[in-house]
Amino acid sequence: MEPGMEELMPRLLPVGDCDLAEDFDPTVPPRTPQEYLKRVQIEAARCPDVVVAQIDPRKLKKKPTVNISISGCQPAPEGYSPTLKWQQQQVANFSAVRQSLNKHRNHWRSQHLDSNVTMPKSEDEEGWKKFCLGERVYSEIEALPDNENLGIDYMKVGFPPLLSIVSRMNQATVTSVLEYLISWFGEKKFTPELGRWLYALLACLEKPLLPEAHSLIRQLARRCSEVRALEESKNEEQISALNLIICLVSRYFDQRDLADEPS
């Protein structure tokens, strides 16, 4: 380094005269603090003033792409767009459900779970999908043999979102499970089991929304609108369920650009 540069760039690790062994070798690990500092100085002095990155221009031919969807929801099929009155009523009902859940959360959390209920860990994506949807839906099995006189096998049909279950889920778990189910829904069909859990998880989602939750529910509303638009049989019950989720995301969680225009 030139002498004048010392004034502009003072040494951060000044080392005065120190007794270094005559056989001091900067290539071996330092044995004393003085040797360490001296080695750092030597290495710094060897660094070039300007470093030029070697870039392969062939790798720059293809421009990177980022998929960001800013579009709204697809409109409902003709004749199936919900009225404003219906949407307002659903928002009122949903708000009442949330208030009741928050008020009685501690009570429901204290209730004992049945012996057959084992909630997966928050990070267990596959476990939660099977827990919520059941093996029949998760594995896309058309029908499972009934077990006579053995009651309902919830491992096969999925556990419903009982208050005693969802009240035990913290916000991190609620967001994680919501993400798992939305990811599954991104490539699968809408089912009643899925609809029940999506409604329950939205009811447990605290406001104001965290950025991750904000992105997830917008993704959910768009996916519902896509499935609704492709609904060939015009199943009124299913379209109504999809309308409900879009309504809650857009009007209760204030994502108004995704709202259905009143019919």
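Every value quoted in this text rests on a predicted model; they were computed, and no experiment measured them. Here the residue numbering is sequential within each chain, running from 1 through the sequence in written order. Thresholds applied to this predicted model are a pLDDT of at least 70 for local features of residues and 80 or more for the giving and counting of side-chain atom pairs; totals over whole chains, interfaces and linings are not thresholded and use all residues. Where side-chain values are given, they derive from all heavy atoms of the structure, hydrogens and water being excluded.

Trainee: Kindly report on the nonpolar core, identifying the contributing residues and their values.
Mentor: Across soluble globular proteins, nonpolar side chains have a tendency to be buried as a group. We define a nonpolar core as any set of buried Ala, Val, Leu, Ile, Met, Phe, Trp, Tyr and Cys residues linked to one another through side-chain atoms lying within 4.5 Å. Think of it in three bands: residues with accessible area under 20% of the maximum for their type are buried, residues over 50% are exposed, and the middle band is partly exposed, with areas taken using a 1.4 Å probe on protein chains only. Ranked by size, the top nonpolar core spans 49 residues in total, and within it Leu181, Trp197 and Leu198 carry the most contacts. For this core, the elements supplying multiple residues, two or more each, are helix H3 (84-103), helix H5 (125-138), helix H7 (163-166), helix H8 (171-185), helix H9 (192-204), helix H10 (211-229) and helix H11 (236-252). Contact between two residues is taken to exist if any of their heavy atoms lie within 4.5 Å; hydrogens are not considered. Leaving out residues up to four positions away in the same chain, leucine 198 has contacts with Leu178, Leu181, Ile182, Phe190, Leu220 and Ile245. Numbering goes from the N terminus for both helices and strands, where a helix is a DSSP run of H or I of at least four residues and a strand is a run of E of at least two.

Trainee: Provide a residue-level description of the environment of glutamate 237, including the pertinent values.
Mentor: For glutamate 237, the location among the structural elements is in helix H11. Take glutamate 237: its relative accessible area is 66%, and that puts it in the exposed class. Considering only alpha carbons, one finds glutamate 237 and proline 192, 45 residues apart in sequence, at a separation of 9.7 Å.

Trainee: Would you mind going over H9 in detail, with residue names and values included?
Mentor: For H9, built from 13 residues, the straight-helix expectation of 18 Å at 1.5 Å per residue is met to within 8% by its first-to-last C-alpha distance of 19 Å. Of all 13 residues making up H9, ten are buried, and the element is well covered by its neighbours. All of the buried residues along H9 are Glu193, Leu194, Gly195, Trp197, Leu198, Ala200, Leu201, Leu202, Ala203 and Cys204. Take the residue count of a helix, subtract one, and multiply by 1.5 Å to get its expected span.

Trainee: Talk me through the state of the cysteines; I want residue IDs and the actual numbers.
Mentor: Two cysteine sulfur atoms form a disulfide, by the criterion used here, when they sit within 2.5 Å. Applying the stated criterion across every chain, the model contains zero disulfides. There is no disulfide at cysteine 224, and the cysteine sulfur nearest it, in cysteine 73, is 8.0 Å away. With a relative accessible area of 0%, cysteine 224 lands in the buried category.

Trainee: I'd like to hear about the side chain of serine 164, residue by residue, with values.
Mentor: Tracing the sequence through the fold places serine 164 in helix H7. Looking at serine 164, the relative accessible area reads 12%, which means it is buried. Once residues within four sequence positions are removed from consideration, serine 164 is found in contact with Trp108, Gln111 and Leu113.

Trainee: Residues and numbers for the confidence of the model for the protein chain, please.
Mentor: Mean pLDDT over the protein chain works out to 83, with 79% of the residues at or above the 70 mark. What pLDDT expresses is the predictor's confidence in each residue, scored from 0 to 100. Note that pLDDT drops below 50 for residues 62-69; the model gives that stretch one contact with residues more than four away or on any other chain.

Trainee: Run through the packing of H10 against H11, naming residues and quoting values.
Mentor: Only the stretch in contact is used when a helix axis is fitted, and all axes are lines through C-alpha atoms; the angle between N-to-C directions ranges over 0 to 180 degrees. Here H10 crosses H11 at 150°, and the two axes come no closer than 9 Å. Overall, the two elements H10 and H11 adopt an arrangement that is roughly antiparallel. In the packing of H10 onto H11, the handedness of the crossing is left-handed. Contact with H10, carried on its side by Ile217, Arg218, Leu220, Ala221, Cys224, Ser225, Val227 and Arg228, involves Gln238, Ile239, Leu242, Asn243, Ile245, Ile246 and Val249 of H11 and no other residues of that element. The classification used treats Ala, Val, Leu, Ile, Met, Phe, Trp, Tyr, Cys and Pro as nonpolar, Asp, Glu, Lys and Arg as charged, and all other residues, Gly among them, as polar. A class-by-class count of the residues in the contact of H10 with H11 yields ten nonpolar, three polar and two charged. Note on angle classes: values under 35 degrees are labelled roughly parallel, values over 145 roughly antiparallel, values of 65 to 115 roughly perpendicular, and the remainder oblique. The handedness criterion is simple: a crossing whose near helix is rotated anticlockwise from the far helix by less than a right angle is left-handed, and one whose near helix is rotated clockwise is right-handed.

Trainee: Would you mind going over the pattern of salt bridges in detail, with residue names and values included?
Mentor: Oppositely charged side chains can form a pair if their charged atoms are brought close together. By convention in these notes, a salt bridge is any Lys or Arg side-chain nitrogen within 4 Å of a carboxyl oxygen on Asp or Glu. Under the counting rule described, the total for this entry stands at seven salt bridges. Across the salt bridge formed by lysine 129 and glutamate 125, the nearest N and O atoms sit 3.0 Å from each other. Here lysine 129 pairs with glutamate 125, and both are found in helix H5, just four residues apart, close to one helical turn. Owing to a relative accessible area of 29%, glutamate 125 belongs among the partly exposed residues under this scheme.

Trainee: Could you give an account of unusual backbone geometry, with specific residues and numbers?
Mentor: In this chain, lysine 207 is followed by proline 208 through a cis amide linkage whose omega measures 0°. Tracing the chain through its elements places proline 208 in the loop between H9 and H10. Although it is not a glycine, lysine 234 sits at a positive phi angle of roughly 50°. Phi is positive for aspartate 254, which is not a glycine, with a value near 60°. In this structure, aspartate 254 sits in the segment after H11.

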